[in-house]
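# Structural overview
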Amino acid sequence: MKKKWLARSLRFDLLARDLRIAIRGLRRSPTFAAATVLTLTIGIGMAVAIFTVFRVVLVERLPVVDQDRVVVLWTENNNGTEFTAGKHVLDAFRRETRTLHDVAGVVHWGATPYPLTDGSRTLLLQQAIVGGNFFDVLGARPALGRLLTRDDEIGGRFQPPSFSSAPHAMVLSYATWQREFGGDSAVIGRRVTDPYAQWTYTIMGVAPPGLDYPRGVSEW
């Protein structure tokens, strides 16, 4: 035991000496030290980002049926800029395709939160507007209530029209349900309002845990 303790003590002393030498060297060259810290920061950040993608894609798979068979397509103009396709384009694509079982549309504006009011409080949620068969294509099953169906579709595009008597249906992500509504099962049938357009959305269901597509979406 004494020999082992001495060996460990010696290794600690050598490590402490090396650290002191390294710190003195960095203090004598602050520019080099800053470059070193910046390089380490970028390297660690890239490693974390790569691991996150690896974990999401290969380890923590989405709660959908046959994820390996799901294909993501998008439309773009001749300049390579993405643009929103009308529902008629998706209907034609669905009708003409010979390789895909079904096609669903989705519009998402990235990480920009969208304000909705729930009674007297304001919710800032990341919104995605989807076709009624979006969850059917993914083969997802609700954690609570029901998911969207074709009967929920309104208008000719995947955005609510200015004048429509049809109800606006909403599905919450599981994380949003837990965070904003405390996991309350009475959330089904609850209504939230778009304060700008004065549209009222009825919460129809909650998506299964882990369904995070498009990335970071709070509600569909």
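Nothing here was measured: the structure is a model prediction, and the numbers come from that model.

### Here's the deal with the overall build of the protein
Within the protein, the secondary structure is distributed over 5 helices and 8 strands. Burial analysis of the protein (220 residues in total) assigns 28% to the buried set. Here the analysis covers contacts within the protein between residues at least 6 apart in sequence; of these, 62% occur between residues at least 24 apart. Of the roughly 14,900 Å² of accessible surface on the protein, a fraction of 60% belongs to carbon and sulfur atoms.

### Side note on the side chain of Glu 219
Along the chain, the position of Glu 219 falls in the segment after strand E8 (200-206). Residues in contact with Glu 219, not counting those within four places in the same chain, are Leu 116, Leu 125, Gln 126, Gln 127, Ala 128, Met 170, Val 171, Leu 172 and Ser 173.

### A short note on the pairing of E8
For E8, a buried count of 6 out of 7 residues is recorded, marking the element as mostly surrounded by other parts of the structure. Sheet topology places strand E5 (residues 144-145) next to E8; 2 bridges connect them, and they run antiparallel. Among the inter-strand pairings, Gly 145 is bridged to a residue of E8, identified as Gly 205. Inspection of the sheet shows strand E6 (residues 168-172) paired to E8 by 5 bridges, in the parallel sense. In the strand pairing of E8, Val 171 is matched with Gly 205. Of the pairings in the sheet, the one linking strand E7 (residues 191-193) to E8 comprises 3 bridges and is antiparallel in character. Across the sheet, Thr 193 pairs through a bridge with Thr 200, a residue of E8. Linkage of E7 to E8, two consecutive antiparallel strands, is achieved through a turn of 6 residues, within which Gln 198 is found at a positive phi near 60°.

### Let's talk about the packing of aromatic side chains
The geometry of an aromatic ring pair is captured by two quantities: the separation of the ring centres and the angle between the planes. As enumerated under the stated definition, the model contains 3 aromatic pairs in all. Here a set of aromatic residues connected by ring pairs shows up, and it is made of Phe 134, Phe 135 and Trp 220. Lying across the ring of Phe 181, Arg 121 places its NZ or CZ 5.1 Å from the centre.

### Comments concerning the nonpolar core
If you look at the biggest cluster of nonpolar residues, it comprises 16 residues, and the most contacted ones within it are Phe 135, Val 171, Leu 211 and Trp 220. Counting residues in each nonpolar core, the second largest holds 13 residues, with Leu 116, Leu 125, Met 170 and Val 206 among its members.

### Description of the confidence of the model for the protein
Averaged over all residues, the pLDDT of the protein is 77; the fraction at 70 or higher stands at 72%. Looking at the elements of the protein, mean pLDDT is at its lowest for helix H2 (residues 30-59), recorded as 61, and at its highest for E5, recorded as 97. The low-confidence segment residues 156-164, where pLDDT is below 50, has 25 contacts with residues more than four positions distant or belonging to other chains.

### What about the pattern of salt bridges?
Counted under the stated rule, the structure contains 8 salt bridges. For Glu 96, the salt bridge is made with Arg 95, and the minimal N-O distance between the two is 3.9 Å. On the accessibility criterion, Arg 95 (55% relative accessible area) is exposed. The salt bridge involving Arg 121 is made with Asp 118; its shortest N-O contact spans 2.9 Å. Where salt bridges share partners, they join Asp 118, Arg 121, Arg 179, Glu 180 and Arg 190 into one cluster.

Reading guide: rules and limits
Residues numbered from 1 in each chain as written. Predicted model: local features only at pLDDT ≥ 70, side-chain atom pairs only at ≥ 80, totals over all residues. Heavy atoms only, no water. Helix = DSSP H or I, 4+ residues; strand = E, 2+ residues; numbered from the N terminus. Buried < 20%, exposed > 50% of the residue type's maximum accessible area, 1.4 Å probe, protein only. Contact = heavy atoms within 4.5 Å. Areas by Shrake-Rupley, 256 points an atom, 1.4 Å probe, with all protein chains shown as cover. Pairing = 2+ DSSP bridges. Phe/Tyr/Trp six-rings, centres within 6.5 Å; stacked < 30°, edge-to-face > 60°. Lys NZ or Arg CZ within 6 Å of the ring centre and 35° of its normal. Core = buried A, V, L, I, M, F, W, Y, C linked by side-chain atoms within 4.5 Å. pLDDT = per-residue confidence, 0-100. Salt bridge = Lys/Arg side-chain N within 4 Å of Asp/Glu carboxyl O.

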